[in-house]
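One letter stands for each residue in the lines below.
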Amino acid sequence: MEKTQDRRRLQYFPNDDSSANASLYDGFILLGLTTIPALQTLILALFAVTYIMTVAGNLMIIIIISLDIHLHSPMYFFLVHLAFLELLYTTTLIPNTLRIFLDKKKNISFVGCLTQMFTFITLGGSECVLLGTMAYDRYVAICQPLHYHTIMNPKCCLHLALTCWCSGFLNSLLHTILTSMLPFCNDRHVKHYFCEIPSILKLSCKDTFMNELLIFLFGGSMTVGSLILILVSYTCIIAKVLRIPGRAGKHKMFSTCISHLIVVSIFFGTVIHIYIRPTSQTSSDQNRVISVVYGVVTPLFNPIIYSFRNSEFQRSFQKLLIFFKAY
């Protein structure tokens, strides 16, 4: 019986105590999205172009809103935070992913993996709460216009923004600390293109039920709570819009609401699919593809949906172009 237990232990930690935390020193190997060379080249090019467009789009939003005093309102205050968040979000993933594509070893240190995981979860959680906050802001603006500036005063906006960032930070800190305490087996191959919790948990030699339960409770409550706030806010907005006389106003409002709801549905749908389901019931290949949607595609489309389709923002953008052409 004892020999069998020793043999099982050697399967995980061949050098006993010296290799028990092999991952701590050797890190992990990220397998990426595919092993087919032709597809790797195509994905590399697409990721590089997407990253450049995402950075340019979100930087443009931050610059335009900062320069135009007419856009210094609560809605655009939250848009700046969203653009900055998306900028960090995509920078956390894509540059290292491009390095992995080009690097034959495809390795990432244990500390580097935890750092990427912590940053990614912080930004993802903050975005969930921020999208809910932005929906609430639109609800107050449309359903309670006379009290809008009283409710959404600068102090309130600042507190709401801090709540978004702090909730994401605390949620991420908990999961990162718990993941760092897990023992890992000899297999250090992560079936993903970045260090995402479900993929890392699958490499642990220990039962990860508690980690999964806390992800479900804390991450789930944050995600589902924000989603409920968004749905309730937009339900009230749509009910209010239906009472507006004239088709033009209704069409404009519905167009904006539907665009926002599409982005929200894609983001929350993919996040819930990966993080709220048990790790044992998730497919690595499926997770990799789905994570591209909320990790790469959504940061690119958020600026377009929330800003460039806005008439006020378009006017500010045109003014900026005229200014630069003049000089």
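Up top is the structure.
An account of the accompanying structure is given in this report. (Residues numbered from 1 in each chain as written. Predicted model: local features only at pLDDT ≥ 70, side-chain atom pairs only at ≥ 80, totals over all residues. Heavy atoms only, no water.)

1. Digging into the packing of helix α5 (residues 110-143) against helix α9 (residues 209-242)
- Contact geometry of α5 with α9 gives a least axis separation of 8 Å together with a crossing angle of 20°. Regarding the angle of α5 to α9, the classification is roughly parallel. Helix-helix and strand crossings are classified by hand; for α5 and α9 the assignment is left-handed. Contact residues: α5 offers G125, C128, V129, L131, G132, T133, A135, Y136, R138, Y139, I142 and C143, while α9 offers M222, T223, S226, L229, I230, S233, Y234, C236, I237 and K240.
- Tallied by class, residues from the contact of α5 with α9 come to 14 nonpolar, 6 polar and 2 charged. (Axes fitted to C-alpha atoms, helices over the stretch in contact; angles between N-to-C directions. Helix = DSSP H or I, 4+ residues; strand = E, 2+ residues; numbered from the N terminus. Parallel < 35°, antiparallel > 145°, perpendicular 65-115°, else oblique. Left-handed = near helix turned anticlockwise from the far one by under 90°. Contact = heavy atoms within 4.5 Å. Nonpolar A, V, L, I, M, F, W, Y, C, P; charged D, E, K, R; others polar.)

2. What to know about the sheet that holds strand β3 (residues 189-190)
- Strand order across the open sheet formed by 3 strands is β2-β1-β3, with mixed pairing between neighbours. Every other strand in the sheet has two partners, leaving β2 (107-108) and β3 as the edge strands with one partner each.
- Two strands pair when backbone bridges link them, and strand β1 (residues 28-30) and β2 are joined in this way by 2 bridges, in the antiparallel orientation. By the bridge assignment, F28 is partnered in β2 with I108. (Pairing = 2+ DSSP bridges.)

3. Considerations on the pattern of salt bridges
- For the structure on display, the rule yields 2 salt bridges.
- Between R99 and D103 there is a salt bridge; the shortest N-O distance is 3.4 Å.
- Residue classification places D103 among the partly exposed positions, given a relative accessible area of 22%.
- Between D137 and R138 there is a salt bridge whose closest N-O contact spans 3.1 Å. (Salt bridge = Lys/Arg side-chain N within 4 Å of Asp/Glu carboxyl O. Buried < 20%, exposed > 50% of the residue type's maximum accessible area, 1.4 Å probe, protein only.)

4. Things to note about the packing of helix α4 (residues 74-102) against helix α7 (residues 154-180)
- Relative orientation of the contacting elements α4 and α7 amounts to 20°, with a least axis distance of 10 Å. Relative to α7, the element α4 is oriented roughly parallel. Pair α4 / α7 crosses with right-handed handedness. Where α4 abuts α7, its residues P74, F77, F78, H81, F84, L85 and L88 lie against C157, L158, L160, A161 and W165.
- A per-class count over the contact of α4 with α7 returns 11 nonpolar, 1 polar and no charged.

5. Remarks on α4
- With 29 residues, α4 ought to run about 42 Å at 1.5 Å a step, and its terminal C-alpha atoms sit 43 Å apart, in line with that.
- Considering bend angle alone, the principal kink of α4 is centred on T91 and spans about 30°; proline P95 follows within four residues of it.
- For α4, a buried count of 21 out of 29 residues is recorded, marking the element as mostly surrounded by other parts of the structure. (Expected span 1.5 Å × (residues − 1). Bend = angle between axes of the 7 residues up to and from the residue.)

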